Amino acid sequence: VTGGLMSEPRIGFIGFGEAASHISEGLVAEGVSQITALDILPRPEKIGVTIARSMEDLLATSDIVFSAVTCNVALDVARQAASSLSDRHLYVDINSVSPETKITIGDVVKVSGARYVEAAVMAGVPGFGHKVPMLLSGEAAVDLIEAMTPLGMELKDFGPKLGRASALKMFRSI
């Protein structure tokens, strides 16, 4: 499989609020058995999701990592994760932040050796769950599509240039 991902990816969520909770629920229903989550707030356990004790634990047990935190901490979280990321990781930023912030997060992640995908969530996650349409930017978008489309995710590649997906989402919102 491209990028060294296993046939059933080990998935991690940094931030386990509404979006991550709904996405993970759908992935569990698709048969994904290795999902780990980390959140600064106590969250109710979900069937099929292991709660990690630390960022290091989360990243040790995950290949594809979705960052689903509040916009004001997205860059800080990426910086914290970067020290434990490696070339086996695919870091997917689904946070609603500016194109410039997505580019900066991409730079932070790339220094670690991990691959980065900017994802713009294009609808309400509670209504769609893991099938919520996402527009992707970044060179590793094809790797994410290859790994997650068989699990029912609706992912569209919007090209390798970072910032494009979040810019289109912003323009669409205006």
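About the criteria used
- Residues numbered from 1 in each chain as written.
- Predicted model: local features only at pLDDT ≥ 70, side-chain atom pairs only at ≥ 80, totals over all residues.
- Heavy atoms only, no water.
- Core = buried A, V, L, I, M, F, W, Y, C linked by side-chain atoms within 4.5 Å.
- Buried < 20%, exposed > 50% of the residue type's maximum accessible area, 1.4 Å probe, protein only.
- Helix = DSSP H or I, 4+ residues; strand = E, 2+ residues; numbered from the N terminus.
- Contact = heavy atoms within 4.5 Å.
- 1 Å grid on protein atoms, 1.4 Å probe; cavity = no way out; pocket = protein on both sides within 12 Å on 5 of 7 lines; lining within 4 Å.
- Points joined across faces, edges and corners; volume = space filled by probe spheres on them.
- Nonpolar A, V, L, I, M, F, W, Y, C, P; charged D, E, K, R; others polar.
- Pairing = 2+ DSSP bridges.
- Axes fitted to C-alpha atoms, helices over the stretch in contact; angles between N-to-C directions.

## Focus: the nonpolar core
Within the largest apolar cluster, 31 residues are counted, with the highest numbers of intra-cluster contacts made by Phe13, Leu27, Phe66, Met134, Leu144 and Met148. Mapped by element, the contributors of at least two residues to this core are strand 1 (11-14), helix 1 (18-29), strand 2 (35-38), strand 4 (64-67), strand 5 (90-93), strand 6 (115-121), strand 7 (134-137) and helix 6 (141-148). Broken down by element, this core gets its largest block of residues, 4 residues, from helix 6. Ignoring anything within four residues of it in the chain, the contact list for Met134 reads Ile23, Ile94, Ala119, Ala120, Val121, Met153, Glu154, Leu155 and Lys156.

## Brief notes about the layout of surface pockets
Volume-wise, the largest pocket comes out at about 520 Å³. As for the largest pocket, its lining consists of 25 residues, and the residues nearest its centre are Ile14, Gly15, Ala68, Val69 and Thr70. Breaking the lining of the largest pocket down by element, the ones donating at least two residues are helix 1 and helix 3 (74-82). Within the lining of the largest pocket, the residues separate by chemical class into 14 nonpolar, 7 polar and 4 charged.

## Some remarks on the sheet that holds strand 3 (residues 49-51)
Ordered by their spatial adjacency, 8 strands build an open sheet running 3-2-1-4-5-6-7-8, and the pairing between neighbours is mixed. In this open sheet, the two edge strands, each paired with only one partner strand, are strand 3 and strand 8 (155-157). Put simply, the sheet's adjacent strands are angled 25° from each other on average, direction ignored. Strand direction decides the pairing type here: strand 1 and strand 4, joined by 4 bridges, are parallel. When the bridges of strand 4 are listed, Phe13 appears paired with Phe66. Helix 1 contacts strand 1, strand 2, strand 3 and strand 7 of the sheet and is inclined by roughly 165° relative to strand 1. On top of the sheet, helix 6 reaches strand 1, strand 4, strand 5, strand 6, strand 7 and strand 8; it is set at about 155° to strand 8, its chief contact.

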